[in-house]
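# Geometric and topological summary
Each chain, written out:
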Amino acid sequence: MTESVRTELVSARLRLWRFCLSLTRNRASAEDLMQSTCVRILERAHQFRRGTRFDSWMFRIAQTVWLNEVRRDQLRAEQSFSGGDLDELTSPTDPERDAAGRDVLNAVLSLPEAQRVTILLVYVEGFSYAETAEILDIPLGTVMSRIGAGRRSLARGPLGESNGDTTASIASAVERGAALS
């Protein structure tokens, strides 16, 4: 079982990195979170049940490790996202798509953590609302509420007022999951 978990972890490492970076909004913290998550996954490999989704289990562990770190260190309000780290979340192969992806990511990353993480799991990682609720250990209705609130925030724009095509296209891109994956 440990070997299959190790193999799954290696194949999912980029998705885990993206998730850790979106949680922490800081490269150094994301590296720490990823390392802690990998250690926890390997320590608990015997708890993984065949027939369940490894990525769902992995993201839930990462979320739990992150919440424990935030609670312990009380850093949530002090963290900021470095613009240079955006390059790791977007695709370098298509400059036009990369620029659009950067705009979408900036908008998504400006959302409150609860909305940001929920939108990331649903639209970037492709989890269903039910799977996202399970990963985050929240009711399904809360997932739907966070998605709706996030969409409304994206449609209003960074200043809280609708500013036309840019925010509408960002909200639309998030809804389609475009430019984020």
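Summary of the structure given here.

### Overview of the overall build of the protein chain
- Summing up its helical and strand segments, the protein chain has nine helices and zero strands in all.
- Secondary structure elements of the protein chain, listed N to C terminal, follow the sequence α-α-α-α-α-α-α-α-α.
- Carbon and sulfur atoms make up 49% of the accessible area of the protein chain, which amounts to about 9,600 Å² in all.

### With respect to the environment of I41
- In this fold, I41 is placed in helix α3 (residues 27–43).
- A relative accessible area of 0% places I41 in the buried class.
- Put simply, I41 and L9 are 32 residues apart on the chain and 8.3 Å apart in space, counted from C-alpha to C-alpha.
- Excluding residues that lie within four positions of it along the chain, I41 makes contacts with V5, L9, F54, W57, M58 and I61.

### Focus on the pattern of salt bridges
- Taken as a whole and judged by the stated rule, the model has seven salt bridges.
- In this structure, R53 engages D55 in a salt bridge whose closest nitrogen and oxygen atoms are separated by 2.9 Å.
- Using a relative accessible area of 36% as the deciding quantity, one classes R53 as partly exposed.
- E131 is the partner of R53 in a salt bridge, and the nearest nitrogen-oxygen pair spans 2.7 Å. Placement of the pair is R53 in the loop between α3 and α4 (54–73) and E131 in helix α7 (residues 129–136), with a sequence separation of 78 residues.
- Residue E131 is classed as partly exposed on the basis of its relative accessible area, which comes to 21%.

### Observations concerning the side chain of T37
- Mapping T37 onto the fold places it in helix α3.
- Overall, the relative accessible area of 0% leaves T37 in the buried class.
- Here L33 takes part through its backbone oxygen, which lies 2.8 Å from a polar atom of the side chain of T37.
- Excluding its chain neighbours within four sequence positions, the residues that come into contact with T37 are L16, M58, I61, A62 and V65.

### Thoughts on the side chain of R116
- Note on placement: R116 falls in helix α6 (residues 113–124).
- Filtering out sequence-adjacent residues up to four positions away, R116 remains in contact with S22, L23, R25, V108, L109 and L111.

### Examining the packing of α3 against α4
- Interhelical geometry of α3 versus α4 gives an angle of 120 degrees and a closest axis separation of 9 Å. With respect to each other, α3 and α4 are oriented oblique. Regarding α3 and α4, the two cross each other, and that crossing is right-handed. Touching L33, S36, T37, R40 and I41 of α3 are F54, W57, M58, I61, A62, V65, W66, N68 and E69, all from α4.
- Of the residues belonging to the contact of α3 with α4, the class tally is nine nonpolar, three polar and two charged.

### Describing the environment of R116
- Residue class for R116 comes out buried when judged on its relative accessible area of 2%.
- Separated by 34 residues in the primary sequence, R116 and G150 have C-alpha atoms spaced 7.4 Å apart.
- In this structure the side chain of R116 is engaged in a polar contact, spanning 3.0 Å, whose partner is the backbone oxygen of S22.

### A word on unusual backbone geometry
- Unusually for a residue other than glycine, R25 sits at a positive phi of about 60 degrees.
- Along the polypeptide, R25 turns up in the loop between α2 (13–24) and α3.
- For R25, a relative accessible area of 22% translates into the label partly exposed.
- Not every positive phi belongs to a glycine, and D137 is a case in point at roughly 60 degrees.

### Structural notes on the packing of aromatic side chains
- Taken as a whole and assessed by the stated rule, the structure comprises five aromatic pairs.
- Ring geometry for F19 versus F59: centroids 4.8 Å apart, planes at 55 degrees, classification tilted. You can see F19 sitting in helix α2 and its partner F59 sitting in helix α4, a full 40 residues away along the chain.
- You can call F59 buried: its relative accessible area is 0%.
- Here the aromatic rings of F59 and F127 are separated by 5.5 Å at their centres, their planes lie at 85 degrees, and the arrangement is edge-to-face. Of this pair, F59 sits in helix α4 while F127 sits in the loop between α6 and α7, and the two are 68 residues apart along the sequence. Here F59 matches F127 in class, with each residue buried.
- An aromatic cluster of at least three residues, connected via ring pairs, comprises F19, F59 and F127.

Reading the values: rules and limits
- Residues numbered from 1 in each chain as written.
- Predicted model: local features only at pLDDT ≥ 70, side-chain atom pairs only at ≥ 80, totals over all residues.
- Heavy atoms only, no water.
- Helix = DSSP H or I, 4+ residues; strand = E, 2+ residues; numbered from the N terminus.
- Areas by Shrake-Rupley, 256 points an atom, 1.4 Å probe, with all protein chains shown as cover.
- Buried < 20%, exposed > 50% of the residue type's maximum accessible area, 1.4 Å probe, protein only.
- Contact = heavy atoms within 4.5 Å.
- Salt bridge = Lys/Arg side-chain N within 4 Å of Asp/Glu carboxyl O.
- Polar contact = N/O pair within 3.5 Å; in protein donor to acceptor, adjacent residues only side chain to side chain.
- Axes fitted to C-alpha atoms, helices over the stretch in contact; angles between N-to-C directions.
- Parallel < 35°, antiparallel > 145°, perpendicular 65-115°, else oblique.
- Left-handed = near helix turned anticlockwise from the far one by under 90°.
- Nonpolar A, V, L, I, M, F, W, Y, C, P; charged D, E, K, R; others polar.
- Phe/Tyr/Trp six-rings, centres within 6.5 Å; stacked < 30°, edge-to-face > 60°.

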